[in-house]
Every structure is written in structure tokens, then in C-alpha cells.
Amino acid sequence: MQRFALSEEQALIRDSVARFVHDDYAFNRRLEIIESPGGHDESHWRRFAGLGWLGLPFPERYGGQDGSPRDLAVVMEQFGRGLVVGPYFATVVLGGHAILFGGSEAQKAAILPRVADGTLKVTLAHDEPKSRYRLDAVATRAKPEGGGYLIEGTKVAAPYAALAGEIILSARTAGEAGDAAGITLFRVKADAPGLSATHYRTHDGGTASNLHLDGVRVSADDVIGPVGQGLPILEWTADHAIAALSAEAVGCMWSICDLTTSYFKTREQFGQTIGKFQALQHRLVDLYVKCQLAQSMAGAAVDALSRTDPAERAKGLSGAKVLIGRYGREIGEEGVQLHGGIGMTREYPVGHYFKRLTLINLSFGDTNYHLERYRQLLREAKP
């Protein structure tokens, strides 16, 4: 089993996030937040900025901390353990990385410092009704007009778009849906004329939006990266998103294991705690082993980001997504079942962790999608 030791700085980050979760993010407080109108606590967001978490992966010249993908994974795992809800992933991992990887120097200087200090939230709107996880399945159109572009189309499930000041979205400036070339990224103001949104709550207590673009005008300065070459930026952003989500999923799994262990120590049946029954002990050990394996795969996903060969990087990330997706479902189901009736209640956290694991599995390709992608990569690698 592969082990990944934390550096001193990463241990400090872990402990800082863990203290926040312990002191300020009790489960009942989380329930209050997800039931509030915005589904978000702005005071927490300001604290994230003050602690440097919002600027963690960005260069210092843009107000960031020059953090690595593993540093970000440390934060995401602790967020998973605490079941932290909010626009961190949407802003820092999706929108922020899209700007970092594709934006001009002027765009980075205009956006990233405001992300780091908490004054601007951004998100990525890429999924479409028929995309089925494919990053090249872009049907939204951007037509040149008056030195800029006119965008028409629909985006679905844009995370936390209701809170975003700016939205990074993909549109096709050439070709047809499924073509690798011809995709361009744009920055669009959330209140841009012609942009309408349907906001809704997601299964895990977060928020997402379906966006309809009816003649949304953007200037040439709003283009992110080279015209028609947005797919590599999307792929690189999605790779980092998969690694971050893998770490968050592991945090959720460990919390389910910990909750189940504590429950076994207190729940009594037939005059003794249920943790003394050998059959249940075996099932608890299975949970622990799967958490350890998932932890190793999440670390492998982070390491895959450093591979220069795109196929090898994709294999590493898809492999992690498959195993973590499978184990996430198995651990979630087992955790709920081992808790009995209380595991199904809204007032107990184990079911909420299972919901979050379900949404993570469905983000940027589910288990079946990545299993098929892994198989295809193996076939292509054969001489």
C-alpha cells in the first residue's frame, strides 16, 4: 500500500482545517447552513480567506500561497471529514484553476487576487444536457460579432453559480459537438444581459444552476486562452478537480468509518455493545481497509498530475476515480446499514456523508465512465 507522508507545512494546514471543523462546523451548524437561503456562511468564507485557504494553489504574485496539488488535497480531505458545504471547490478548484491555466496575465491579475482575498467567487459552467461527462461535447455556440462574441446555448449543473460574480464557460467557436478543436472559454459576468439561471439544491445540500444564454455578449478581452483551443484547459482543470474530489471523498469515507466505530462502542444489544459481535467486527475491518486503499488511490491521483504523458496521467486519475467511486458507494451503504434505522434519519450525519459521496462519484465522470476510459487507454497503449 502506498503511503504519503505530509510535510510539516501540510500537517499545519491539516490541523488548521481540522480545528475549524471541530470548533465551528458541528453537524447541527451544517444543517442550519444548508437550510439557509444561500446555503452558505459568508463569515466562514472570510475566515477561509484570512487563513490563506482560498489562495492556496495560486502563485504569490496573485495573492496566493504557491501551494501544490497535495496541499490542496489536504484541505479537501479535511473538508470531506467535516462535510463542509459551500463554493470552495467551485471557486478555487474549478473557476480559479481555469483562470490559472488559461487566463492571460491581465486576467489572472484581475481575478485571482480577488478570489484569494474572498471578494470574488467564480465557477465553471461546462456541462450540457447531452454531454454525458465528455469535455468535448460542447454545443453552446459563440459567434463573432462587433469585435466580440454572441453566446447562445444552455449549461447545466454549474456548481454555486448563484453565488458567483463571474462564470467561466465553454462555447464552440468552430466545429461540432464532439470535435476536440473549436472550443473556447469565456469569462461572463453573472449579471450579464441575456444570461438567465435556474438555481436549485443538490442531493448533498449544495447548490447548482442551469444557465440559459440568449445572446450574451462578451468582448475579445473575455476570451480565456487561445480561441478554439479551450479543450486542453478544460482537461487540465478537470484533472485537478478529480484529484481534489478524490481527497474529499476519502475524508467522507473516514468519517463514516469513525462514526460507525463510535456507534459500535455505545449501541447495546442482548446486554452488550454490538462492537463485541465478531461478525460486525469483520465488517468494520472491511470499512477500515477500504478507507486505507482509497487513501492510497487519492494520493496516486495527486501524483498523476505530475506525469507529462497525458495517457499515463489519465490512467492514474481514472483508476483513482473507479476505485474511490466503488468504495465510496460500498462504504456509504455499509455505514447506513450498520447504523440501522438511525442511519436513515436527517438528524444523523452518516446518510449525509453517503449523499456527498454519491455526488462526488457523479462529478467529472462516474465509475462506469472512468472504467471504460481506463480500458480504452489500455487498448491504445498496446503495440
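Every value quoted in this text rests on a predicted model; they were computed, and no experiment measured them.

The rules behind the values
- Every residue gets a number counted from 1 within its own chain, in the order that chain's sequence is written.
- Only residues with pLDDT of at least 70 get local features here, since the model is predicted, and only at 80 or more are side-chain atom pairs given and counted; chain-wide, interface and lining totals rely on the full set of residues.
- The side-chain numbers reported here are obtained from all heavy atoms of the structure, hydrogens and water having been left aside.
- Here a strand is any run of E in DSSP of at least two residues, a helix any run of H or I of at least four, and the numbering for each starts at the N terminus.
- It is over C-alpha atoms that the radius of gyration is taken, and the globule rule equals 2.2 Å times the number of residues to the power 0.38.
- Exposure was quantified through the Shrake-Rupley algorithm and a 1.4 Å probe, taking into account, for residues, occlusion by the shown protein chains and nothing else.
- In this tally, Lys and Arg are treated as positive and Asp and Glu as negative; His is ignored, and so are the chain termini.
- A charge is said to be at NZ when it belongs to Lys, at CZ for Arg, at CG for Asp and at CD for Glu.
- By definition here, a salt bridge exists when the distance from a side-chain nitrogen of Lys or Arg to a carboxyl oxygen of Asp or Glu is within 4 Å.
- Relative accessibility thresholds used throughout: buried, under 20% of the residue-type maximum; exposed, over 50%; partly exposed, between the two (1.4 Å probe, protein chains only).
- The contact criterion used throughout is that any non-hydrogen atoms of two residues lie within 4.5 Å.

Enquirer: Can you lay out the overall build of the protein for me, pointing to particular residues and giving the numbers?
Expert: The helix and strand tally for the protein stands at eleven helices and ten strands. In summary, the protein has a C-alpha radius of gyration of 21 Å against a globular reference of 21 Å for 383 residues, a match within 12%. Along the first, second and third principal axes, the C-alpha atoms of the protein reach 80 × 55 × 40 Å. Accessible surface, the protein: about 17100 Å² in total, of which carbon and sulfur atoms supply 52%. Between the centroid of the 42 positive side chains of the protein and the centroid of its 44 negative side chains there is a distance of 4 Å.

Enquirer: I'd like a rundown of the pattern of salt bridges, residues and numbers included.
Expert: Per the counting criterion, the structure on display carries 24 salt bridges. Here Asp136 and Arg134 are joined by a salt bridge, their closest N and O atoms 2.9 Å apart. Across the salt bridge formed by Glu312 and Lys315, the nearest N and O atoms sit 3.4 Å from each other. Of the two residues, Glu312 and Lys315 both sit in helix α9 (residues 310-339), three residues apart, roughly one turn of that helix. By relative accessible area, which is 33% here, Glu312 ends up partly exposed. Overall, the relative accessible area of 16% leaves Lys315 in the buried class.

Enquirer: Quick one: what's the story with the side chain of His240, residue by residue and with numbers?
Expert: Mapping His240 onto the fold places it in helix α7 (residues 231-266). His240 sits in the buried class, given a relative accessible area of 9%. If we skip the residues at most four places from it in the chain, His240 touches Pro69, Val93, His97, Phe101 and Leu305.

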